[in-house]
Amino acid sequence: MKTNTIITGDSAEVLKSFPDGCIDLSVQSPPYDNLRDYKGFTFNFEVIARELYRVTKDGGVCVWVVGDATVDGSESGTSFKQALYFIECGFNLHDTMIYEKAGTLPSSNRYTQEFEFMFVFSKGVPKTFNPIMDRKNKWGGEKTFGKSSFRDKDGSLKVSGQREVNKIGKRSNIWRYANGYGFGQSDDIAYKHPATYPEALVSDHILSWSNEGDIVLDCFAGSGTTLKKAKELQRQYIGIEISPEYVKEIIIPRLAATNTPLPMGRGLTQREPDKRDSAPSQAFSQPEFLSDLEGLS
Ligand SMILES: C[S@@+](CC[C@H](N)C(=O)[O-])C[C@H]1O[C@@H](n2cnc3c(N)ncnc32)[C@H](O)[C@@H]1O
């Protein structure tokens, strides 16, 4: 099967030509409730969801980044319906993750909508998980307050000593990124597309759920963000995009301008902080990330 390629076409049709179980990871974001008019193209969600399940390897993962449109002042519920349909197709709903977006506009009669879902589906148990370790533990370096204790089979009480809390731990399943013009993308070509997701969001999923050499798919390639990050991270990539214009004017030049850096290690992942992850003038109650850890030994 040809990899490191972009296919122009309707994913509902193109995916049918793929063999069973050929994809390690897919990361994509579909058009949301026809919220934006992508040159009038539509997609057959059910067919694509079934095909994604078929083409995913056992233990492979499919990440679906999605939000709802607001209809008459309320949410459409499409994200939930799609998640339930993926489960019907056979996927496990491995993790419902949140993409917290900085700087969204307030709603008049609801609380400000600040997130989208990142549904992580797996075909069986995920075969790869390289957790990103960039969360500063509040109690890092301190001793646990109490001693751990448990009762042995014979009923006797075993008490172990206090232990030191790790300074840095696994991050939570709420990920925060800034997006919008000037944020999220490391090149200007991407902004020719009306709805990109941040590069760091994709690379964090690619690092988490795949290894070097794995095949990464995006069946709604858009500006090619997934493909670019897969290429940089030394994965093989396959993109499908229905708009020939996006393919020709955005994805191909963007990938041509993308370099592949040195191989990265496997196992626990500690990625470099990216200034574009942080939004200006926002107060967050979320975990502090690696960029806040300078000075820690
Ligand atoms: C939300 S955008 C994806 C943006 C992408 N994540 C990025 O960062 O650039 C959805 C894309 O899906 C494409 N699309 C819509 N229907 C499609 C279909 N049936 N098959 C393939 N692509 C489709 C649209 O043209 C649009 O570019």
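Bear in mind that the values here come from a model prediction, so they are computed numbers and not experimental data. (Residues numbered from 1 in each chain as written. Predicted model: local features only at pLDDT ≥ 70, side-chain atom pairs only at ≥ 80, totals over all residues.)

Colleague: How do you make sense of the sheet that holds strand β2 (residues 23-28) when you look at a structure like this?
Modeller: Picture the strands of a sheet paired through backbone hydrogen bonds; they go either parallel or antiparallel. Here 8 strands make up an open sheet; going across it, the order is β1-β14-β13-β2-β3-β7-β6-β12 and the pairing mixed. Where the open sheet ends on each side, the last strands, each with one partner, are β1 (5-8) and β12 (174-177). Direction aside, the axes of adjacent strands within the sheet are offset by 20 degrees on average. Here β2 pairs with strand β3 (residues 56-66) via 5 bridges, running parallel. The residue bridging glutamine 28 from the neighbouring strand is tryptophan 64, located in β3. Across the face of the sheet, helix α4 (residues 199-209) comes into contact with β2, β3, β6 (92-101), β12 and β13 (215-218) while running at roughly 160 degrees to β2. Packing against the sheet, helix α5 (residues 225-232) makes contact with β1, β2, β13 and β14 (236-241), and its axis sits at approximately 170 degrees to β14. (Pairing = 2+ DSSP bridges. Helix = DSSP H or I, 4+ residues; strand = E, 2+ residues; numbered from the N terminus. Axes fitted to C-alpha atoms, helices over the stretch in contact; angles between N-to-C directions. Contact = placed C-beta atoms within 7 Å.)

Colleague: Where do I start with helix α6 (residues 244-256) in this structure?
Modeller: Note that an α-helix has 3.6 residues per turn; residues three or four places apart therefore point the same way. Helix length check: α6, at 13 residues, gives a terminal C-alpha distance of 17 Å against a target of 18 Å (1.5 Å per residue), a fit within 8%. Taking the largest bend as the criterion, α6 deviates by roughly 25 degrees, centred on isoleucine 250, and proline proline 253 comes between one and four positions later. Summarising the contacts, the buried residues of α6 are in contact with β1, α5 and β14. (Expected span 1.5 Å × (residues − 1). Bend = angle between axes of the 7 residues up to and from the residue.)

Colleague: Any chance you could explain the nonpolar core here in plain terms?
Modeller: Buried together is how nonpolar side chains tend to be arranged in soluble globular proteins. Counting residues in hydrophobic clusters, the biggest one holds 49 residues, and the most contacted among them are Val63, Trp64, Phe121, Ile206 and Val216. Among all residues touching phenylalanine 121, those that are not within four sequence positions of it are Val61, Cys62, Trp64, Phe86, Phe91, Asn92, Leu93 and His94. (Core = buried A, V, L, I, M, F, W, Y, C linked by C-beta atoms within 7 Å. Buried ≥ 20, exposed ≤ 12 C-beta atoms within 10 Å, placed from the backbone.)

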